[in-house]
Amino acid sequence: MLPDELLTDELLSSINDRLPCRVPQLQRLSALIGDDDDYSPASIVVHGLEATGKTLILKSFLESSGSSFSWVPCHECVTTRHLVERIAATVSESIGIAEGATSSARCENVSVLAVQLQQILKESQRKHFLVLDRTDRQREAPPTLLASLGRLGEMIPSLTVIFIVSVPRPRFLSSAEVPHIHFAPYNKEESIKVLSKYVRRITKIPSEGDQGEEEEEEEYTEDDAKEELYVWEKFCGTVWDSLAKGAARNIIQFREAVDKMWLQFVQPIAKGEYGTRNYSSLYLLQKDMFRRETNVIDSVIPAAAAGKMAASKNHDLPYYSKFLLCAAYLSSYNPARQDSLFFMKANDFKKKRRGGGRGRPAKNRKIHRRLLGPQAWPLERMLAIFYAILPHPITSAVDIQTQVATLTSLRLLTKASATDVLEASTKWRVNVGWDYIRGVARNVKFDIEDFIAE
Amino acid sequence: MERTSSQELQDDEFDPQEHQACYIFTPEGRNDRPSKRRRTVKSKGKQSEAEIALEFSDQCPFPVLLNGSESEETVKLRYEAYCRLWGEQEARTNAILDSFNNKTLDDVSEFVKNATAESYDGKIPTALILAGPNIASHTPLFEQLASRIRDEDRTGPVVVLTSKDATNLKSTLKKLIKDATQQDEGLDDEDDEVIVGRKGARLLNYDLQILQNWCKLHEGQKVIIAIQDTEAFDGNILSDLVSLFSAYLNRIPFVLLMGIATSVEIFHEKLPKSSIRLMQGDKFDVERAEECLAQIFNDSMVSDKSVLRFGASVCDFLLERYRDHTQSIQAFVGALRYAYMSHFYANPLSIILGFVDDLVNLKDVLTTEHVEAIRNVSSFRRFVERKLADSDIAEVSKLLEDDDHVRSVVAVSAAECRSYAIEVGQALLVLEIARSCQANQTRIPRYELYAKALSGELHGSTPIVRDLLLSMKKMNSSSLLNLLDKIAAEVQVPYLVENLLPLRESIRALVEQSEETGKTTLTSEFNVTKSTLRATAVSKRIWLGEQKSSLTKQDTEYSKLVQQVHDAAEAYFGASLKGLQELFLHELFFYDLISPHRDVFAPRSRSTVERALSHPQDYLGCDCCTTDGDDEEAGIKSTQPPASIIYQLYLESGALINIFDLWSAFYQVVGGDDGEDCDEATAQALFYRVLAEMRFLGLVKYTKKKTDHLAKLAWKGL
């Protein structure tokens, strides 16, 4: 479908070697970008989900085809003005305009930018590509920003604007004829193919038995590499099927999961206990690894390190803060009209209700309250519950209020209405889940289960 | 009647100016202009700081006590004693606070030094600092961290961000860039180079490229961003910041320090996964606050350096408040300082504390008034009564009449008090060491036992001590020797040195003797287990006999020594752990006034307001409202202030209050039976004012739920 002469084959195959599985996209890019004599559209949209190679491929294509381009990462720009200034600076730098030509005027909005770019690009004979990377992650973008940036290419003949976005809204440039290039997510085979570009070595760990042979360094031969590639590909396939298919579909997360598990997986091979070819028995040995999900859960602290530190000291909240948290939880998850049932000191009310039983089941089956999220409550109600659940009476002092403030600044409680903190009608809400509260309640020997409405 | 008079008054005072749009207001009786505040003392600016300090030290902020008969000199002495003693105490406390986080600081600075993006898979190196829920300690901790990394390690600039700085992304970035680029020695000439972009255009002040240019000029410097209160930080801004940092990571070597007060799990829930994926690092624990409290407490109460200590009830109050409410070291230190302040401020006898090391000169300072004050101290009374009980009549009459004699007795008692405090401290230390040598004992820090020891509740037969002594008896030779070694190394108490050390030597000799026979540890005969599975009494006795006979001769010998050790320890604890009630002048050395501390640190504002509104007579003390003791249920009276009347009606009503009902009830009270006490217009004015006051107090608000109703917002007694 594409004329063959547009493909500078050599170039494409060299990129394809580095970044496989993206031939159709490369062909389209080369058709649209071409060389300086060809016509390029005013704007191009490159789209595809996270980690599908958009940025990498476009950049390497532009670099190796020798086109004149300027690259602006939009996610680094905080405001529109920031972006516009960055564009002006980058373009003038990549064109190599003499100093003083642009510095006279500040570039404050898109209209000024258009004028400046016209001036900059007036003399240049070549086509220029302005790449806006991650356009949709621009902060504080007014709705007309993208459309107006798209028009730049129409106003300046030698300019082509390339947008890189993850999911384009229909007609987000307010013009229909913009060519789109889609980067589809990698499927299993493609992912494995991409990952085979960085095979990780299996470093032999000398087993304790043969200490004597340690000196003899083994040569890294081609056979070894082949064997490693074989295990690696098999392993990648297993990880994909067991974990990544559901939890880490994009290539970066997939690679991370594979990286985390690899060393542990190939340990028997490294020790020399298993050969490289009996993969299935190795898999059976390490089967347990693929059942656990620790390697696909994101965490700041690597799972391996976290295990070591588990037995560290834990910091405790003050005694009454824990009760305050429990009271806050109860006020958030119990309906207010049942408070008298749970917290009245006189028990007869409770008994009467229990004895009577429920006359008829609720007509529409209610959703469990815990699933509905925390409800907001006024401070008075929480304090009343707090004093009701305390095992012994205390006199109210300013310390209780201080603790409410502390819990709020720890974001264990949050303010739910926009009014002032001191206003009595201000509502609050608990910000921790059931598991945390249960731990807290057990810590102060409070049976919170007895007070939770069904 | 009232009305007409007020109208007349109004007519008289009609002021034409009030109807003009604009006029100059001249308050009466103040026709001359107030003299301008000119700096009359010109020399003040030139005064050196030392002179000002001197001037300040001259004017003593303490009042003259003893009904104004205290001499100026002693007031000054009191002030000086306060400054000196608190100064010493504060220096010691600050030293403890400074050194307390050393381990965490070391770990984090090591992490920052080694952190590079490459070693963390291209993610931002992040240290999660678990700083505990005591927010007051976070600021000093981060200041310490910043100064450590910036000034000692010179790893790079440190920017500490708090949630207050972060209202939006732009201002946060501005502050970050400003703080980071201006931290080095302020080289002005390079500033322009930083801010000006590549093409000569000035960069926007929130553009991280400024920081990037700065980093180019300062090779090898890392930019450390410390986020002090991660929980309170806006989640969106934080994740925006993280993604920005990660975008610039290849040009600016960022290192993140996150202060976490709750737990790592809550931190992970706060941020989106995509932001968490950009960070990798380690977590660092800060020492628990209890440790710090124990150290400060031991220093200020138990150690022999301190002079003024807490008495039992203040100590209980403060520790309880710490445990149950604040968990804040800073609050404890504040309370300690307040105790020093109020003791020296209000107690004229506190000058004695200034002379603890110089008791000879004390006599010259104490005036007749002082001596009279000493005679009024309650412990003096007990002291005299004890003397009477001993029928030491001569001594008693001397104490009551001879001032010089009292002065010398005071000197002796002051020394006694001090040595008593030191003794108690040492005994608690011995107790702690002895308990730490036993595996099955849970650790009770000294501060828990201190108050008990002072009030005399800790003695030989309290469970803690008795258990300890019993288990001491059962120890085998190696652990007993270990315990004795530790005690000998840590404390220098003459009594223990005299009694225990010889015993230690003989036990050691005994062990050496038995080692020749191949037995390395000797067991005590008290350790023979009494519980057996044998059912009958006879077989039990036989079994026990067997056990006893299996003991060697050395064991029996050892058991005797163990008994001696036990007796010595029991005698020691019995002698040193007695209450302070018997002590003359203990009020001076043990500050035990709980109410100032309670009023200052834990005031009951809410119940005070509620009581003032519901029982105004308690505060007004007027005759009209005070009811007799019998009929407490007299309730609402028209003589009470209107606010209090409305409040009491308010308490009786439901969640929604009909205003008209409230008004008619109010008018009934205020106006008397048929409006004779107060006419309707005045009552209405009062009513409106009170309602506005109730709204200001946050007790009611207007509601849309029902017309002409107020919503009740506060309940009583919370």
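Residues numbered from 1 in each chain as written. Chains lettered and ligands numbered in written order. Predicted model: local features only at pLDDT ≥ 70, side-chain atom pairs only at ≥ 80, totals over all residues. Heavy atoms only, no water.

- Chain B appears in an unreviewed UniProt entry as Origin recognition complex subunit 3 from Discina gigas.
- In UniProt, chain B has this text filed under Sequence similarities (unreviewed entry): "Belongs to the ORC3 family." (UniProt positions renumbered as here; feature names shortened; annotations may be inferred.)

- Where an unreviewed UniProt entry is consulted, chain A appears under the name Orc1-like AAA ATPase domain-containing protein, with the organism given as Discina gigas.
- As stated in UniProt under Sequence similarities (unreviewed entry), the record for chain A gives "Belongs to the ORC5 family."
- The UniProt entry for chain A carries the following text under Subcellular location (unreviewed entry): "Nucleus".

1. Some words on the pattern of salt bridges
Side chains that carry opposite charge are capable of pairing whenever their charged atoms lie near each other.
All names here are of chain B.
Working step 1: Applying the stated criterion to the full structure yields 37 salt bridges over all chains.
Working step 2: With its nearest N and O atoms 3.2 Å apart, the salt bridge here joins Arg323 to Glu448. A residue pair is termed long-range when its members are at least 10 positions apart, and Arg323 in helix α14 (residues 312-326) and Glu448 in helix α22 (residues 446-454) qualify at 125 residues.
Working step 3: For Arg323, a relative accessible area of 35% corresponds to the partly exposed category. (Salt bridge = Lys/Arg side-chain N within 4 Å of Asp/Glu carboxyl O. Helix = DSSP H or I, 4+ residues; strand = E, 2+ residues; numbered from the N terminus. Buried < 20%, exposed > 50% of the residue type's maximum accessible area, 1.4 Å probe, protein only.)

2. Structural notes on the packing of aromatic side chains
Working step 1: For the coordinates displayed, the defined rule picks out 44 aromatic pairs over all chains.
Working step 2: Ring geometry for A:Tyr319 against A:Tyr320: centres 5.1 Å apart, planes inclined by 70 degrees, an arrangement best described as edge-to-face.
Working step 3: Here A:Tyr319 falls in the partly exposed class, since its relative accessible area comes to 25%.
Working step 4: Ring centres of B:Phe666 and B:Phe687 lie 5.6 Å apart, and the angle between their planes is 40 degrees; this geometry places the pair in the tilted category. Separated by 21 residues along the polypeptide, B:Phe666 in helix α33 (residues 659-671) and B:Phe687 in helix α34 (residues 680-696) bring together distant segments of the chain. (Phe/Tyr/Trp six-rings, centres within 6.5 Å; stacked < 30°, edge-to-face > 60°.)

3. Digging into the interface of chain A and chain B
Working step 1: Each partner contributes residues to the interface: chain A has 56 residues there, and chain B has 64 residues.
Working step 2: Taken together, the two surfaces of chain A and chain B that pack against each other cover about 5,400 Å², and 57% of this comes from carbon and sulfur.
Working step 3: Inspection of the region where chain A meets chain B yields 7 salt bridges.
Working step 4: With a closest N to O distance of 2.4 Å, B:Arg251 and A:Glu76 form a salt bridge.
Working step 5: At the junction of chain A with chain B, the criterion picks out 18 residue pairs in polar contact (both at pLDDT 80 or more).
Working step 6: At the level of elements, α4 (80-95), α9 (251-265), α13 (319-333), α16 (379-389) and α17 (398-409) of chain A are the ones that each hand at least two residues to the side of chain A that touches chain B.
Working step 7: Across the side of chain A that touches chain B, the residue classes tally to 21 nonpolar, 17 polar and 18 charged. (Contact = heavy atoms within 4.5 Å. Buried area = accessible area lost by both parts, 1.4 Å probe. Polar contact = N/O pair within 3.5 Å; in protein donor to acceptor, adjacent residues only side chain to side chain. Nonpolar A, V, L, I, M, F, W, Y, C, P; charged D, E, K, R; others polar.)

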